[in-house]
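Read off the chains here:
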Amino acid sequence: MYTSAKVWVCVNNSDLGKVRKVDLSDIKLVKDTSLKITLNQVKEVVGNVKLCKYTGFYVHREGEIDLLGKELINNFNSYEKALNLALLGDESYISNGKVAPDCGCAIHHWDFAKPYLYDTLDIDYDTIYVDYIFYSGKWYVRIDKKWALLEPMIDNMIEIC
């Protein structure tokens with residue numbers, strides 16, 4: 001069984017309304033033979049994004065705190081890295097700092113994989129998703145209806161294991 005997640009970046013006010021595109025030179029793709037994704041295919045699919053206050057994406061599997069949470073802390077722990085990841089759009093999964101983008105699975109279907117763009121963040125608390133947000137330089141995770149800092153949770157998991 002796997003857990004899906006939604007990941008959000010609270011966009012800096014200075015970036016609101018700007019049009020950006022993912023910098024693929026800063027993204028490592030998973031070498032997954034079942035997905036058959038190439039960097040050139042991803043380059044052909046991804047598009048420009050006009051930034052809203054909350055820019056986010058869906059992660060299909062491995063969204064648990066000890067998996068995706070660790071990836072976000074260890075590999076995407078700055079505003080630019082988090083935003084660049086969000087600009088790639090939906091992901092199949094993220095593992096070892098590498099990304100398996102959904103746009104690679106649905107070649108030529110950017111409309112299905114592009115980032116979520118909202119001016120206000122309206123979380124559906126009844127969903128099965130794990131929610132993460134990069135806000136003011138830190139990652140947070142939603143536990144029930146409250147947001148908590150992610151890094152201490154990861155640190156506590158390491159101590160327990």
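All of these numbers come straight from a predicted model, not from anything done at the bench.

### Notes on the side chain of Glu-91
Checked against the element boundaries, Glu-91 lands in strand E6 (residues 91-95). Here Glu-91 sits buried without a salt bridge, and the closest side chain of opposite charge, Arg-61, lies 11 Å off (N-O distance).

### Looking at the pairing of strand E10 (residues 138-143)
Sheet topology places strand E9 (residues 130-135) next to E10; four bridges connect them, and they run antiparallel. Of the residues in E10, the one forming a bridge with Tyr-135 is Lys-138. From the end of E9 to the start of E10, which pair antiparallel, there are two residues, and Ser-136 there has a positive phi angle of about 50°. Inspection of the sheet shows E10 paired to strand E11 (residues 146-149) by four bridges, in the antiparallel sense. Considered in E11, the bridge of Tyr-140 is made with Leu-149. Between E10 and E11, which pair antiparallel one after the other, the connecting turn spans two residues, and Asp-144 there sits at a positive phi close to 55°.

### Some remarks on the environment of Asn-74
Turning to its location among the elements, Asn-74 is positioned in helix H2 (residues 65-75). Distance in space between the C-alpha atoms of Asn-74 and Asn-96 is 9.1 Å, their sequence separation being 22 residues.

### So, the pattern of salt bridges
One pass over the structure, following the stated rule, counts four salt bridges. We note a salt bridge from Asp-15 to Arg-20, for which the minimum N-O separation is 3.9 Å. With a relative accessible area of 10%, Asp-15 lands in the buried category. Residue Glu-80 is joined to Arg-20 by a salt bridge in which the shortest nitrogen-to-oxygen separation is 2.9 Å. Linking Glu-80 in helix H3 (residues 79-87) with Arg-20 in strand E2 (residues 19-20), this pair joins segments that are 60 residues apart in sequence. Classification of Glu-80 as partly exposed rests on a relative accessible area of 42%. Here Arg-20 falls in the partly exposed class, since its relative accessible area comes to 23%. In this structure, a network of salt bridges that share partners links the residues Asp-15, Lys-18, Arg-20 and Glu-80.

So, how was this worked out
- Residues numbered from 1 in each chain as written.
- Predicted model: local features only at pLDDT ≥ 70, side-chain atom pairs only at ≥ 80, totals over all residues.
- Heavy atoms only, no water.
- Helix = DSSP H or I, 4+ residues; strand = E, 2+ residues; numbered from the N terminus.
- Buried < 20%, exposed > 50% of the residue type's maximum accessible area, 1.4 Å probe, protein only.
- Lys, Arg positive; Asp, Glu negative; His and termini not counted.
- Salt bridge = Lys/Arg side-chain N within 4 Å of Asp/Glu carboxyl O.
- Pairing = 2+ DSSP bridges.

On their own, these measurements won't tell you what the molecule is for.
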